[in-house]
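Given next are the chains, with one letter for each unit.
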Amino acid sequence: MVKLKKNGFNVGDDFINRKVFFLLILLIFSVVCSSGCVNQNSGSNSNVSYTQDDVDYFSSIAFGTEDNPSDTRLSKWTGDIKVKIMGSPTDEDMKMINYTFSELNKNLNGITISLDDSNPNMEIYFVPQSDFSNYIPSYVSGNEGYFNIWWNSDKAIYKSTIVISSDTSQNARFHLIIHEITQSLGLGMDSNKYPDSIFNELPSETTQYSRRDITMIKMLYQKNLKPGMSKQKVLE
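No experiment lies behind these values; they were computed from the predicted model shown.

## As for the overall build of the chain
Line of reasoning, step 1. Counting its secondary structure elements, the chain contains seven helices and ten strands.
Line of reasoning, step 2. The burial tally for the chain puts 44% of its 236 residues in the buried class.
Line of reasoning, step 3. If you take every contact in the chain between residues at least 6 apart in sequence, the share linking residues at least 24 apart comes to 66%.
Line of reasoning, step 4. As displayed, the chain has an accessible area near 12,500 Å², and 52% of this comes from carbon and sulfur atoms.

In structure tokens form, the structure reads like this:
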């Protein structure tokens, strides 16, 4: 080997030492990840690693709804979501809807959500809370926002209705918009584990997705997670 010298420094030895150091770093990272990460491979999300906390949180919010918490099969949309807005939304409400759609369209793995008055499969009503049961007969009193979804025999969601109170404050509506729309994607359960999550079941004015919220959406819309899959099969 020809060793080059620069200002008395042995470049050949330095290169070898750097290479060994880099390989050691890779080895350490692989060991740490194997003990603390769960790898889920599918479609455009291939080779993404999720922490065990992510998997546990997904398990707590992705199976069942508040109406039917014992359901252990996955539900999700398999086609584009076309939304019609009705009732009395404010300009600020519409800005929040546009923000929510923009973030979702980055993370639904090919499915799009957009406004479409002509042929909607999701309807969002901004109406007084006292009128909620006119739009969702199964509405549970006391909720300022509520959603209902329909799915086929495979548990692919094909329709959703959302009601949001026009009586409450603007800040509360900001949270209700992002909360109800996201839950109607198939992440139907609440959780109070993470205060910054839009899935928080406690009174909240969270108006932006946390890193973990985005991870939940990406996990659900992986190509290898199919509607109707059992909880046991998903977590294998």
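Having seen the structure, we can now continue with the description.
## Some points on the confidence of the model for the chain
Close reading of the predicted structure is inappropriate where its pLDDT is low.
Line of reasoning, step 1. For the chain, mean pLDDT is 83; residues scoring 70 or higher make up 79% of the total.
Line of reasoning, step 2. Counting contacts from residues 1–11, a segment whose pLDDT is below 50, to residues more than four positions away or on other chains yields nine contacts.
Line of reasoning, step 3. Note that pLDDT drops below 50 for residues 28–46; the model gives that stretch 33 contacts with residues more than four away or on any other chain.

## Overview of the layout of surface pockets
Line of reasoning, step 1. By volume, the largest pocket amounts to about 480 Å³.
Line of reasoning, step 2. For the largest pocket, the lining is made up of 26 residues, of which Asn143, Gly145, His179, Glu180 and Asp190 are closest to its centre.
Line of reasoning, step 3. Residue classes in the lining of the largest pocket are distributed as eight nonpolar, eleven polar and seven charged.
Line of reasoning, step 4. Space inside the second largest pocket adds up to approximately 150 Å³.
Line of reasoning, step 5. Residue lining of the second largest pocket: Lys76, Trp77, Thr78, Leu108, Asn109, Ile111, Tyr221, Gln222, Lys223, Leu225, Lys226 and Pro227, and that is the complete set.
Line of reasoning, step 6. Here the lining of the second largest pocket is built from residues that sort into six nonpolar, three polar and three charged.

## Some details on unusual backbone geometry
Line of reasoning, step 1. If you check the backbone angles, Asn109 has positive phi at about 60° while not being a glycine.
Line of reasoning, step 2. The buried category is assigned to Asn109, whose relative accessible area is 15%.
Line of reasoning, step 3. Its identity is not glycine, yet Lys155 carries a phi of approximately 70°, on the positive side.
Line of reasoning, step 4. In this fold, Lys155 is placed in the loop between β9 (145–151) and β10 (156–165).
Line of reasoning, step 5. Using a relative accessible area of 1% as the deciding quantity, one classes Lys155 as buried.

## Considering helix α3 (residues 91–105)
Line of reasoning, step 1. In this model, α3 (15 residues) spans 21 Å end to end at C-alpha, consistent with the 21 Å of a helix rising 1.5 Å per residue.
Line of reasoning, step 2. Within α3, the full set of buried residues consists of Asp93, Met96, Ile97, Thr100, Phe101, Glu103 and Leu104. Along α3, the residues classed as buried sweep out an arc of 165° about the axis, all on the same side. Residues of α3 that are exposed and point more than 90 degrees away from the buried face comprise Asp91 and Lys95.
Line of reasoning, step 3. Residues of α3 that are buried sit in contact with β6 (81–87), β7 (113–115), β8 (122–127), α5 (170–183) and α6 (211–220).

## A look at the environment of Ser114
Line of reasoning, step 1. Structurally, Ser114 can be placed in strand β7.
Line of reasoning, step 2. Between the alpha carbons of Ser114 and Lys84 there is a distance of 8.8 Å; along the sequence they are 30 residues apart.
Line of reasoning, step 3. Excluding residues within four positions of it along the chain, Ser114 makes contact with Ile81, Lys82, Val83 and Phe101.

## Here's the deal with the environment of Ile198
Line of reasoning, step 1. As for its position among the elements, Ile198 is in the loop between α5 and α6.
Line of reasoning, step 2. According to the relative accessible area criterion, Ile198 is buried, its value standing at 0%.
Line of reasoning, step 3. Separated by 18 residues in the primary sequence, Ile198 and Glu180 have C-alpha atoms spaced 9.2 Å apart.
Line of reasoning, step 4. Not counting residues up to four positions away in its chain, the partners in contact with Ile198 are His175, Ile178, His179, Thr182, Thr206, Gln208, Tyr209 and Asp213.

## So, the pairing of β6
Line of reasoning, step 1. As paired strands, β6 and β7 are joined by three bridges and run parallel to one another. Residue pairing across strands places Ile81 opposite Ile113, the latter belonging to β7.
Line of reasoning, step 2. Following the backbone out of β6, through α3 and into the adjacent parallel β7, one traces a crossover that is right-handed.
Line of reasoning, step 3. As defined by bridge partners, β6 adjoins β8 across five bridges and the pair is classed as parallel. Across the sheet, Met86 pairs through a bridge with Tyr125, a residue of β8.

## A closer look at the side chain of Ser59
Line of reasoning, step 1. Within the secondary structure, Ser59 sits in helix α2 (residues 52–61).
Line of reasoning, step 2. Among the polar contacts made by the side chain of Ser59, one reaches the side chain of Lys231 at a distance of 3.4 Å.
Line of reasoning, step 3. Ignoring sequence-local partners within four residues, the contact set of Ser59 consists of Lys231 and Leu235.

Conventions used here
Residues numbered from 1 in each chain as written. Predicted model: local features only at pLDDT ≥ 70, side-chain atom pairs only at ≥ 80, totals over all residues. Heavy atoms only, no water. Helix = DSSP H or I, 4+ residues; strand = E, 2+ residues; numbered from the N terminus. Buried < 20%, exposed > 50% of the residue type's maximum accessible area, 1.4 Å probe, protein only. Contact = heavy atoms within 4.5 Å. Areas by Shrake-Rupley, 256 points an atom, 1.4 Å probe, with all protein chains shown as cover. pLDDT = per-residue confidence, 0-100. 1 Å grid on protein atoms, 1.4 Å probe; cavity = no way out; pocket = protein on both sides within 12 Å on 5 of 7 lines; lining within 4 Å. Points joined across faces, edges and corners; volume = space filled by probe spheres on them. Nonpolar A, V, L, I, M, F, W, Y, C, P; charged D, E, K, R; others polar. Expected span 1.5 Å × (residues − 1). Arc of directions from axis to C-beta. Pairing = 2+ DSSP bridges. Right-handed = clockwise from strand over helix to strand, strands pointing away. Polar contact = N/O pair within 3.5 Å; in protein donor to acceptor, adjacent residues only side chain to side chain.

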